[in-house]
Amino acid sequence: MARRASKPITVDPSDRMAHLVKLSGKALVRALQVRLAKISVAHGHWTFLRILWQQDGLSQAELGAQLGVTRPTTFAAVKGMEELGYVELRQQKGNRKNVYVFLTPAGRALERKLVPLAVEVNKIALKGFSEADEKRFRTMLLKISENLADDEVSLE
């Protein structure tokens, strides 16, 4: 059965900023998920692969920490990627406690297929934005993250 496209969400521009950002984030994720599904790659695997393409050979704990996910979530994703042949697990000599995750050639090759999909989604999302708009938008999103991180620290 073919998957039906999601019905567009009606958005009130006066909605809370958090709600607007959440809706935009969900739309970005959905757009990428649809593209990944066409080539049988789980969105969850994409998030881990993105990290490994930049830093291969992380421990499972380091990998999960970079994504802010729990150990069981990391374990399940890594196990699934191992079964698909995207990663292999290794222990370092003298350290039997930690298991390190390394890309296989197949996992590394996915970068050439998957990154263009993310680039396409970003291009679609920013359609109608000038370069200056995009730069200003990125600056604003980063500032929002910084402001909220500073607030969190101030509450400790």
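Caption draft 1: Broad picture of the packing of helix α2 (residues 43–54) against helix α3 (residues 60–67). Between α2 and α3, the least distance of the axes is 10 Å, while the angle of their chain directions is 110°. Classified by the angle between their axes, α2 and α3 sit roughly perpendicular to one another. Helix-helix and strand crossings are classified by hand; for α2 and α3 the assignment is right-handed. Contacts from Thr-47, Phe-48, Ile-51 and Leu-52 in α2 reach Leu-63, Gln-66 and Leu-67 in α3. Across the contact of α2 with α3, the residue classes break down as five nonpolar, two polar and no charged.

Caption draft 2: Seen up close, helix α4 (residues 71–83). Look at α4: 18 Å from first C-alpha to last across 13 residues, which is about the 18 Å you get at 1.5 Å a residue. The set of residues buried in α4 consists of Thr-74, Ala-77, Val-78, Gly-80 and Met-81. Taken end-on, α4 shows its buried residues confined to a sector of 160°, consistent with a single buried face. For α4, exposure combined with an orientation more than 90 degrees from the buried face picks out Arg-71, Pro-72 and Glu-83. Positive phi appears at Gly-85, one or two residues downstream of α4, with a value of about 85°.

Caption draft 3: Local environment of the packing of aromatic side chains. Using the criterion set out here, one finds two aromatic pairs in the structure. When the centroid spacing of 5.7 Å and the interplanar angle of 70° are considered together, the rings of Trp-46 and Trp-53 count as edge-to-face. On the basis of relative accessibility, which here comes to 8%, the residue Trp-46 falls in the buried class. Ring geometry for Phe-129 versus Phe-137: centroids 6.0 Å apart, planes at 50°, classification tilted. By relative accessible area, which is 38% here, Phe-129 ends up partly exposed. Judged by its relative accessible area of 36%, Phe-137 is partly exposed.

Caption draft 4: Looking closely at the pattern of salt bridges. Enumeration over the complete set of coordinates arrives at eight salt bridges. Ionic pairing is found between Asp-56 and Arg-108, a salt bridge with its closest N-O pair at 4.0 Å. Remark: Arg-108 occurs in helix α5 (residues 105–125) and Asp-56 occurs in the loop between α2 and β1 (58–59); sequence separation between them is 52 residues. Close ionic contact of Glu-134 with Arg-138 constitutes a salt bridge, the shortest N to O distance being 3.0 Å. One end of the pair, Glu-134, and the other, Arg-138, are both in helix α6 (residues 131–155), four residues apart, so they sit about a helical turn from each other. One continuous salt-bridge network, built from bridges that share partners, spans Asp-56, Arg-108 and Glu-111.

Caption draft 5: Structural detail: the environment of Arg-96. When you line up the elements, Arg-96 lands in strand β3 (residues 95–103). Between the alpha carbons of Arg-96 and Glu-131 there is a distance of 49 Å; along the sequence they are 35 residues apart.

Caption draft 6: Focus on the sheet that holds β3. Spatial strand order, β1-β3-β2: three strands in an open sheet with antiparallel pairing. Edge positions in the open sheet fall to β1 and β2 (87–92), since each of these has one partner strand only. Taken together, the five bridges between β2 and β3 define a ladder with antiparallel strand orientation. Across the sheet, residue Glu-88 finds its bridge partner in β3, namely Phe-102. In the packing of α4 onto the sheet, contacts are made with β2 and β3, and the angle to β2 comes to roughly 115°.

Definitions and cut-offs
- Residues numbered from 1 in each chain as written.
- Predicted model: local features only at pLDDT ≥ 70, side-chain atom pairs only at ≥ 80, totals over all residues.
- Heavy atoms only, no water.
- Axes fitted to C-alpha atoms, helices over the stretch in contact; angles between N-to-C directions.
- Helix = DSSP H or I, 4+ residues; strand = E, 2+ residues; numbered from the N terminus.
- Parallel < 35°, antiparallel > 145°, perpendicular 65-115°, else oblique.
- Left-handed = near helix turned anticlockwise from the far one by under 90°.
- Contact = heavy atoms within 4.5 Å.
- Nonpolar A, V, L, I, M, F, W, Y, C, P; charged D, E, K, R; others polar.
- Expected span 1.5 Å × (residues − 1).
- Buried < 20%, exposed > 50% of the residue type's maximum accessible area, 1.4 Å probe, protein only.
- Arc of directions from axis to C-beta.
- Phe/Tyr/Trp six-rings, centres within 6.5 Å; stacked < 30°, edge-to-face > 60°.
- Salt bridge = Lys/Arg side-chain N within 4 Å of Asp/Glu carboxyl O.
- Pairing = 2+ DSSP bridges.

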